Amino acid sequence: MRITRADLEAALADLESTIRAQGLERPVDVFRDRWGVPHVRAETDHDAFFAQGFVTAQDRLWHMDYDRHRALGRWAEFAGERGLGEDRLMRTFGVERAAKADYSVSSDAARSMLDAYAAGVNAFIETTKSLPVEYRLLDALPETWQPWHSLAVYKVRNMLMGTYEVKLWRARLALVLGAEKAAALFRSYPDDGLVSVPPGAAFGAFDIDCLDHLAGVAEDLAWLGEAEGGSNAWVVSGERTTSGLPLLAGDSHRALDTPNVYYQTHLTCPSFRCSGYALPGVPGMPHFSHTEHVAWGMTHGVADYQDLYIERFRERDGRLEYAFRGGWHPAEVTSEHLAVRDGETRTLTVVRTRHGPVVAGDPEAGHGLAFCHTGTNNGTPWANTLCDLLAARCADEAEEALREWTEPVNNFVYADVHGEFGYRYRGRIPIRSRANAWLPVPGWTGEHEWRGRIGFEELPNARNPAAGFVVTCNNAPTTADYPHYINTFFAPDWRARRITARLGALPAGSATIEDMASIHADRESIPARILAGLVDRLRPVDDDAREACEILSAWDCRMDRHSAAAAIYGTARTFLLRDIVDAAFGEMTDEVLDAASAFGRGAGSHLGTLYAAAVRAMAENDRSCLAPGRTWEAVLDSALARAMAELRAKLGDDVDGWAWGSIHHTRPRHPLSRVFPDAAPLLDPPAVAPHGDGDTPLAGAYSMADRFVATVMSVNRYVHDPSDWRSSRWIVPLGASGHPGSPHYSDQAGRWADVETIPQLWDWDDIVGGAEARQTLKPASLEAVEPP
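Residues numbered from 1 in each chain as written. Predicted model: local features only at pLDDT ≥ 70, side-chain atom pairs only at ≥ 80, totals over all residues. Heavy atoms only, no water.

(A) Fine view of the environment of Asp582. Along the chain, Asp582 falls in helix α18 (residues 564–585). Each C-alpha atom, one on Asp582 and one on Leu593, is 9.8 Å from the other, the two residues being 11 residues apart in sequence. (Helix = DSSP H or I, 4+ residues; strand = E, 2+ residues; numbered from the N terminus.)

Here you go:
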């Protein structure tokens, strides 16, 4: 199927006509500002959520359906054979089963919210005269939206942010390298690494002895070879601001999706008012938003809430059984049928034990790995948080709204109009043996079972800390003497150190919205400063390396897109990393780099901790992570020479004309571009050149496979001002609309790349006066308009 620009424009939803919608109680007004962001004014809670579902479907129905198909293991119905791998994984995880279980245990208010949202989505499907162009490409129609679909969509966007892939990767290393050598490569968070709370504190000593466990499970995993994100957020006390009330800011770091993952929206009704970022398909705004009373933001908490259990199986009387505590128990065995676009339907056998579904191995051959996960083991009422946060009128109520949150575990920062501010680690973290931290554990012994979860009151938290701020950048949430196991690794504290330094330098009573925005734009690299500090020790014989040293010696270590020095450093960094990986993994180097580039969290996370350790070693002239006989001077000299040669080949001999932005850029790709490559020019937004890299607060990380294509970046930025919500600012990397034919498909991209923001409109006079479009939704029956 071929599409044209005219097809894109014909697919746009009607955003101005009055529409009568079945299920609406009272009329609702929808105003869209100059950026296409919807502002909804409703008379009841039900209608607010109904309208949120309706307007989200107007802008993002295909986006919602894409995530729904992925969550339910049906992506191959759209994508063909290329979607089967993900479908097998989601069907095995049992996302549909888990979402239905969550819905069943949610509060009446949460279910009513989900029901109303679904009714709004379906009202759009039933009344629209046009559908997103993707349905024309696929020759498909959208199905009815069920309330539990919203929970499934949330899960598929977040459940792969856990730790099971890391544990699988460690097991693979133990098998290939041997327990002793593999153990030496497993690094915990540094003793002097910054934590979120108490603000400014260091992590402390952490026991990482895992050799005995590695050796102990190696034999039980001998068959394994047969098996097939980050963010910044901070909050500043009123004592440090010009207004006397706190400021809250941050940005979420994820892969750049097309359309962008978060959807800007604003809801108003008598019970609540909220402006913020929603996930298309999910009601509420649980991550980065503000109401009339409270603002909040969050980062990924990097907690360990997923385990892998090595299971032993046998067949007895035609029944598959698994071992546990000296006995044999029946495994649950089901069949799933996977439809494939332009292909044959496939059958998938799913085996479950008491620990969860088997995700690797062969139960019929006697072995497998079962996936145990707080988000899929049984139903939890996490959806309560979606609506309870909206009703919070102060910091205490905002914290209480988080009580039932399940996953992902987040660092949650907040500030209210009464001057309160703080931090709360939110989510469910199981209590279990420390052995579970490193690798898959024996499932048959009963020694590694979960023993409840860390109590809500026990989770790391801080209210109005004396430091006057809280910074969280995926670094450790608290110190190593915390009584419960959370994880063995966290993101390097480089971003946290930069933001902490920036906040600490602000005089009391001086912090403004502009100061928070300038921190968003901070692109100074701590690793670059360490490397640049060593170049004076080099005695390069290569002319290129000598020129690189001169440029880096004069550099401010800012990963600015206009900087030649940033291009030299960024390129040399990739060669340096390659040398470090080669010294650590030897013959596994190519496998490690390939695995790390495949967007799995196992090898990629390990590579990140390994590089962070190498940077620390470089600063201390510790050669333990280098190949025998090598020095840091020799390694850096070689990396710089190779970088200069590559850049000359790419950018020419005029070094003064080189720029980081000439090689470092985004590559937004629509999910159907690979399915329909002829349509890609119409579906894919244009690329932009961002500042930053993976080590700077202004994120622009890239992989080793497709070097310098930015793969992880700020997928939103926000500054919330409780003293005057009208001053709040925000931005996304593309736009509000998910329609390729809309002027709002990627109209924020240029400002995002320039690290600018747009107004987060709040005052209704401003919204109505500057509206680009206005629409009224009315009940389908006249009787519904009259109050009972």
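(B) View of the packing of helix α14 (residues 494–504) against helix α15 (residues 513–520). Put simply, α14 and α15 touch, their axes get as near as 10 Å, and they point 155 degrees apart. Taken together, α14 and α15 sit at an angle that is classed as roughly antiparallel. When you trace α14 past α15, the crossing you get is right-handed. Across from Ile499, Arg502 and Leu503 in α14, the residues of α15 making contact are Met516, Ser518 and Ile519. Of the residues contributing to the contact of α14 with α15, the split by class is four nonpolar, one polar and one charged. (Axes fitted to C-alpha atoms, helices over the stretch in contact; angles between N-to-C directions. Parallel < 35°, antiparallel > 145°, perpendicular 65-115°, else oblique. Left-handed = near helix turned anticlockwise from the far one by under 90°. Contact = heavy atoms within 4.5 Å. Nonpolar A, V, L, I, M, F, W, Y, C, P; charged D, E, K, R; others polar.)

(C) View of unusual backbone geometry. Backbone torsion omega between Thr258 and Pro259 reads -5 degrees, so that peptide bond is classified as cis. Mapped onto the fold, Pro259 is located in the loop between β5 (247–255) and β6 (263–268). Positioned with a positive phi, Asp342 is a non-glycine residue whose angle comes to about 60 degrees. Inspection of the secondary structure assignment puts Asp342 in the loop between β13 (332–338) and β14 (346–353). In this structure, Asn474 is a non-glycine residue whose phi angle is positive, near 65 degrees. By the secondary structure assignment, Asn474 is in the loop between β21 (469–472) and α14. The exposure class assigned to Asn474 is buried, which follows from its relative accessible area of 1%. (Buried < 20%, exposed > 50% of the residue type's maximum accessible area, 1.4 Å probe, protein only.)

(D) Representation of the environment of Glu550 within the structure. Along the chain, Glu550 turns up in helix α17 (residues 543–553). Residue Glu550 is classed as exposed on the basis of its relative accessible area of 54%. When the C-alpha atoms of Glu550 and Ala528 are compared, they prove to be 14 Å apart, with 22 residues separating the residues in sequence.

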